[in-house]
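# Results of the structural survey
What follows is each chain in one-letter form.
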Amino acid sequence: MKDVNTKPTGMNSLGLKFSVVVFIAITVAGLVFAYAVLWLQEQALSEQQLAAVQRTAKNYARQLDTNLDDKEKAAILASQVISRYLAEQTRAGTNIPRPGPDNRVRQQDSFSAAVIPSANLKANTSALFSHSQLLWQQLSPLMLQEFYAFYFVSEQQFFRVAPADLLQQLKPEHDLTTDLYYREATPQNNPAKLPRWTPAYYHPIWQEWVVSIVVPVYIKERFVGVSVADLELTEVTRNSSNIGYWSRHTQTLLFDASGQAISPTIINNSSPVAANTLYPGVAVAEPALRAHIAHILQPTPNGVSPDNNYLFAAAPLKHLNWYAAVYLDKAEVMAALNQFRGRLVIIFIVVAIVLAALLHLISYQFVLKRLNRLAGAVVKLSRGDIQQISLDNKKDEIGQLNRAFTGMSAEISQLVTGLNARIAEKEQAERAARKLSKAVSFSSSGILLTDPHLNIEYLNPFLTDLLGCEERSVVNQPLNMLLADEMAQLSIEITETLHERQHWRGDILLQHQKLPARQFWVSLAIAPIRDDIGNLLNYVCAMQDISFIKQSQKQMEHLAYYDILTGLANRSYFRDQLRKAIAMAHRGYYNFALLYFDLDEFKRINDTLGHDAGDELLKEVARRLTSRLREEDTIARLGGDEFAVILSGIKDRHQASTIAANLQQAFHEPVKLGHHDVAISASIGITVAPEDASEEELLLKHADLAMYEAKARGKNTFHFFSQDLNDAANERLQIENQLREAIRENQFLLYFQPKMDIRTEVITGYETLIRWLRPDNTLVPPVKFIPVAESTGLIVQIGEWIIWEACRFLARQQSRGYDVTLSINLSVRQFNDQDLPLIVERILKRTGVKPRAVIFEITESMLMGDTDAAINQLNQLKRLGVSLSIDDFGTGYSSLSYLKRFPVDELKIDRSFVKDIPQDRNDMNIVAAIIAMAQKMNLRVVAEGVETAQQVEFLRTNGCFEVQGYFYSMPLAEQELSQLNYTINS
């Protein structure tokens, strides 16, 4: 058959027009898309790099501040040591060097050097030479690890410096009190007596650019001088070039408040500079950088940073009036992106040409050619030439159109047949609808129909009875009018869910229309009704009354989440609410505070008045706390007498402390329990989230630590968590773990301090002192690990080891012919151990020492608890033949009525009474009274802490002839005792 020629030519061809349009569209869209992508990428890269620069600047400033904080703490601690040392050491030194030719007295050792004008050398300043020399031997190794120089300058121009060689740079005519570091600490310039950082300046003595931390030294509120620790300016700025390690283009800059750069070029400048000259800085040569610096120092009102080619960020330093800046050259960051832009444009043009040509070929071959033949067939059909139509029958859209065209007549006949069938189906559907209408009307479930916009069209009788309304009063009303007021937000969720999922199921609270106070729960299911082609016609809502089920669930939840006794939330519900509060804090909605309560002396009330009274007390506490809290706060009883509160929406610690103080006022009034008025108080620990922590277990731990700190501070108070508490707890746990290992590995040593008879200067005995030597050869002082061992019970094992080793030492002394005593300190846990007499008896028999040579030292506080039990324990020890001594006598209870009942042999005068002899007349009278009392009671008396000849002479005069202290010897290891130049009693 011959085809009809209807093919268009030239620009009339749809294929050609389509190809041109496709080419233009792809080219334009590609270029727009490419430039948009590149612009967005450039913006994103700039923002990313700027954020990285800002983080680096903050980290840079934080590193410098952290370093300066550590050094400031070290300087302050050293100054405090100097103040205490100067306040305690008043005895004039004996070995004062002779003045030199320049009328100055000088002294130098390997640790430090000192100088003072000979005219200022008085009794009080001469003591500084000998005493500060010993002090600098202890301080200088530590301070010189952190500082370039560490020195002290007094009002009389006494100058002690470490390292010692720096003294050589001090000129004889130099006036120290005119220097910048000294003026910064004087009362006129520093009335607050606070440590200060000096600005960078040229040091007048060692001629270096430095910054100094100056701490004024006061003794009894009188300014005596200043302790100074110097840092070289090159040391402060040394690591500034290593900050930008994350990018090779990163550059760093330090500048001061005047916009001048802190540059090593001027720091290392060898040209002469006047003493005490403030560091001038270096002008920033780059104008763009100067603009950024000016913006940092004085921001523009609109907050917009200078528009130039640098990504710039700066952060201020806390101590020095400097800023740490980090910046990037934007051109270097964007260089690779600019090269990529040109290549991307060429690629898009080439792709557009190829796609346009390919689409033209495909459109003509598969679409336009066949459409031309179909157009010719339509022309023939319009002429009535139906029999001559011949089209392809491929399985695509055009083939489907061809088949529809050729089968049109057959389809018309089928439509007539189908119309008859649809009429029959409609009649059948109407009969089914009438049956369904009756079923809905007599259903025992609530059935409701709405239009597509959820406006009510029909309610069945069951639902109208349930709601207490008539059908006509709610028809054409929105569905949410049936909901209770508290379900208003849920109606929005229902609408959104129906749009997304086309159905909704859940429990909902309905409102009785005639009785607004009556509400009831129903289980509601909403489903769509659609026509044959899928258009939404209605929604059908089916409801079941579940009020009884909800009431049962509510009762079960109350039993599961609330405390039966107080009605407060229980631990489970509290943890759930705490997790929700943490989640809200993570999203940035608000901060909150967690309070831990523990009633003080609750166990005593429970034990004395009974558990019923304790329960009533807990109920009253719950009522008082609830009355003082807000509705949004959560209060729970965690168990026993422990309560916890979650305070929502806390702005800061001040608000939390205000609420905690208000809660404590709830305990001011006594509680009436039967015939008793009981005073109550509570210790409260407070932690704030997310400031202190953002994890559940950490918050609970922090609140618990803060509560125990409040108890330790005397109870009936509140205390906030701080990192120091956490560090102390971690350190305590670490020490406990290390102590257990030390016991297993036998890492302890015994040191022995001699007891001297001052009449003959003969060693009559020793006091045993424990030392802990770690595997890294560091000694842990007893004051650090003994309290941990005492609280954990490990002191019992350690104490038994001490008795064993001490008795072995005493056995070795006796085998050498020495008749000496050995004092052993007993801890509280050890003294209260019922097995102590048996352990001592076994050790005495195994070692073979003479029991009379063993002296057990106990403190007064150990005896003042259960005195009858203490006397029984002392009598059992006395039956073994050992001696008993009361240590630190006079610092505890000092009850003479108890003292006469205790079978003790010796009193030890505490070092706190001895150290201020002969300066403190009260201490002298107390010591003389103790000696006289001990002599009257036929008790030996020993003075400890003896460090001066005046103290020895006073004790000899008052009849105390047995002493121990640094005047004769510090505690020594056994192998070092042979080096003592004293005779041992034999």
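Residues numbered from 1 in each chain as written. Predicted model: local features only at pLDDT ≥ 70, side-chain atom pairs only at ≥ 80, totals over all residues. Heavy atoms only, no water.

### Some thoughts on the overall build of the protein
Across its full length, the protein carries 29 helices and 34 strands. Within the protein, counting contacts between residues at least 6 apart in sequence, those at least 24 apart form 63% of the total. Accessible surface, the protein as shown: approximately 53,100 Å² in total, 53% of it carbon and sulfur. (Helix = DSSP H or I, 4+ residues; strand = E, 2+ residues; numbered from the N terminus. Contact = heavy atoms within 4.5 Å. Areas by Shrake-Rupley, 256 points an atom, 1.4 Å probe, with all protein chains shown as cover.)

### Observations regarding the sheet that holds strand β17 (residues 592-599)
Sheet architecture is open: five strands sit in the order β18-β19-β17-β22-β23, paired in mixed fashion. In the strand order of this sheet, the two ends are held by β18 (634-639) and β23 (718-720), each with one partner. Strand-to-strand, the axes of this sheet are offset by a mean angle of 20 degrees, without reference to chain direction. The pairing of β17 with strand β19 (residues 642-648) spans seven bridges and is antiparallel. (Pairing = 2+ DSSP bridges. Axes fitted to C-alpha atoms, helices over the stretch in contact; angles between N-to-C directions.)

### Concerning the packing of helix α21 (residues 794-815) against helix α23 (residues 836-847)
Relative to each other, α21 and α23 sit at 30 degrees, their axes nearing to 10 Å. Between α21 and α23, the angle falls in the class roughly parallel. Crossing of α21 over α23 shows right-handed handedness. For the pair α21 and α23, the contacting residues are E800, I803, W804, C807, R808 and A811 in the first and L836, I839, V840, R842, I843, L844, R846 and T847 in the second. Counted by class, the contact of α21 with α23 contains nine nonpolar, one polar and four charged residues. (Parallel < 35°, antiparallel > 145°, perpendicular 65-115°, else oblique. Left-handed = near helix turned anticlockwise from the far one by under 90°. Nonpolar A, V, L, I, M, F, W, Y, C, P; charged D, E, K, R; others polar.)

### Quick notes on the pattern of salt bridges
Under the counting rule described, the total for this entry stands at 23 salt bridges. Of the charged contacts, one joins E974 and R812 as a salt bridge, the two residues approaching to 2.8 Å between their closest N and O atoms. You can see E974 sitting in the loop between β33 (972-973) and β34 (983-984) and its partner R812 sitting in helix α21, a full 162 residues away along the chain. (Salt bridge = Lys/Arg side-chain N within 4 Å of Asp/Glu carboxyl O.)

### Details of the nonpolar core
Core analysis: the biggest nonpolar cluster contains 78 residues, and L739, F748, Y766, I803, F856 and L955 have the highest contact counts within it. Ranked by residues supplied to this core, first place goes to α21 with eleven residues. With near-sequence residues (within four places) excluded, Y766 lies in contact with F752, Q753, P754, K755, F809, Q813, V820, T821, L822, S823, L977 and I984. (Core = buried A, V, L, I, M, F, W, Y, C linked by side-chain atoms within 4.5 Å. Buried < 20%, exposed > 50% of the residue type's maximum accessible area, 1.4 Å probe, protein only.)

### A closer look at the side chain of T237
Note that T237 resides in the loop between α4 (233-236) and β9 (251-256). Of the residues examined, T237 reaches a relative accessible area of 7% and is grouped as buried. Of the polar contacts made by the side chain of T237, one reaches the backbone oxygen of L233; its length is 3.1 Å. (Polar contact = N/O pair within 3.5 Å; in protein donor to acceptor, adjacent residues only side chain to side chain.)

### Focus on the packing of aromatic side chains
For the coordinates displayed, the defined rule picks out 18 aromatic pairs. With 5.1 Å between their ring centres and 70 degrees between their planes, Y202 and W209 make a pair best called edge-to-face. Across this residue pair, the class does not change: Y202 and W209 are buried. On the basis of an interplanar angle of 65 degrees and a centroid distance of 5.8 Å, the ring pair of Y968 and Y982 is categorised as edge-to-face. Here Y982 lies in the loop between β33 and β34 and Y968 lies in the loop between β32 (962-964) and β33, a separation of 14 residues in the sequence. Y982 sits in the partly exposed class, given a relative accessible area of 24%. In textbook terms, an aromatic cluster arises when at least three aromatic residues are bridged by ring pairs, as seen for Y151, F159, Y181 and W206. The positively charged end of K193 is found above the aromatic ring belonging to Y218, 4.7 Å away from the centroid. (Phe/Tyr/Trp six-rings, centres within 6.5 Å; stacked < 30°, edge-to-face > 60°. Lys NZ or Arg CZ within 6 Å of the ring centre and 35° of its normal.)

### Overview of the packing of helix α15 (residues 602-609) against helix α16 (residues 611-627)
Contact geometry of α15 with α16 gives a least axis separation of 6 Å together with a crossing angle of 135 degrees. Overall, the two elements α15 and α16 adopt an arrangement that is oblique. Of the residues in α16, those in contact with F602, I605, N606 and L609 of α15 are H611, A613, G614, L617 and L618. When its residues are assigned to classes, the contact of α15 with α16 shows six nonpolar, three polar and no charged.

### A look at helix α2 (residues 123-146)
Taking 1.5 Å per residue as the helical rise, α2 with its 24 residues ought to reach 34 Å, and the 33 Å between its terminal C-alpha atoms agrees with that figure. At L139, α2 shows its strongest bend, of approximately 45 degrees, with the proline P141 following within four residues. (Expected span 1.5 Å × (residues − 1). Bend = angle between axes of the 7 residues up to and from the residue.)

### A closer look at the sheet that holds strand β10 (residues 310-316)
Sheet strands pair by backbone hydrogen bonding; their relative direction is either parallel or antiparallel. Spatial strand order, β9-β11-β10: three strands in an open sheet with antiparallel pairing. The open sheet has two edge strands, β9 and β10, and neither has a second partner. Strand-to-strand, the axes of this sheet are offset by a mean angle of 25 degrees, without reference to chain direction. Sheet analysis places β10 next to strand β11 (residues 322-329), joined by seven bridges and oriented antiparallel. Looking at the pairing, A314 lines up with A325 of β11. Relative to β10, helix α6 (residues 287-297) is tilted by about 40 degrees, and along the sheet it contacts β9, β10 and β11.

### Focus on the pairing of strand β14 (residues 504-511)
Extensive coverage of β14 is indicated by the burial of six of its eight residues. Of the pairings in the sheet, the one linking β14 to strand β15 (residues 519-530) comprises eight bridges and is antiparallel in character. Note that in β15 the partner of I508 across the bridge is V522.

### Description of a nonpolar patch on the surface
Nonpolar side chains collect at one region of the surface, where V20, F23, I24, V28, V32, I349 and I353 lie side by side and expose about 560 Å² of accessible area between them. Element by element, the count of residues in the nonpolar patch is highest for helix α1 (residues 14-88), at five residues. Along the chain, V32 falls in helix α1. (Patch = residues over 30% accessible without salt bridge, like charges linked within 9 Å, V, L, I, M, F, W, Y side chains within 5 Å.)

### Structural notes on the pairing of strand β13 (residues 456-459)
Pairing of strand β12 (residues 446-450) with β13 involves three bridges; the strand directions are antiparallel. Among the inter-strand pairings, L448 is bridged to a residue of β13, identified as L459. Count of turn residues in the β12/β13 antiparallel hairpin: five residues, of which L454 carries a positive phi of about 65 degrees.

### Points about unusual backbone geometry
Trans peptide bonds make up the majority, and among non-glycine residues the majority have a negative phi. In the segment running from A162 into P163, the intervening peptide bond is cis, with an omega of 5 degrees. When you line up the elements, P163 lands in the loop between β4 (159-162) and α3 (180-183). Following I917, the chain continues to P918 via a peptide bond in cis, the omega torsion being 5 degrees. Residue placement: P918 occurs in the loop between α27 (911-914) and α28 (921-936). Of note, K220 is a non-glycine position whose phi angle comes to about 55 degrees, a positive value. Within the secondary structure, K220 is located in the loop between β7 (209-219) and β8 (222-232).

### Comments concerning the environment of Q260
Here Q260 lies in the loop between β9 and α5 (264-267). For Q260, a relative accessible area of 24% gives the class partly exposed. Considered as a pair, Q260 and I293 are 33 residues apart in the sequence and their alpha carbons are 9.1 Å apart. In contact with Q260, not counting residues within four places along its chain, are L254, F255, P280, G281, V282 and A283. At 3.0 Å, the side chain of Q260 forms a polar contact with the backbone nitrogen of A283.

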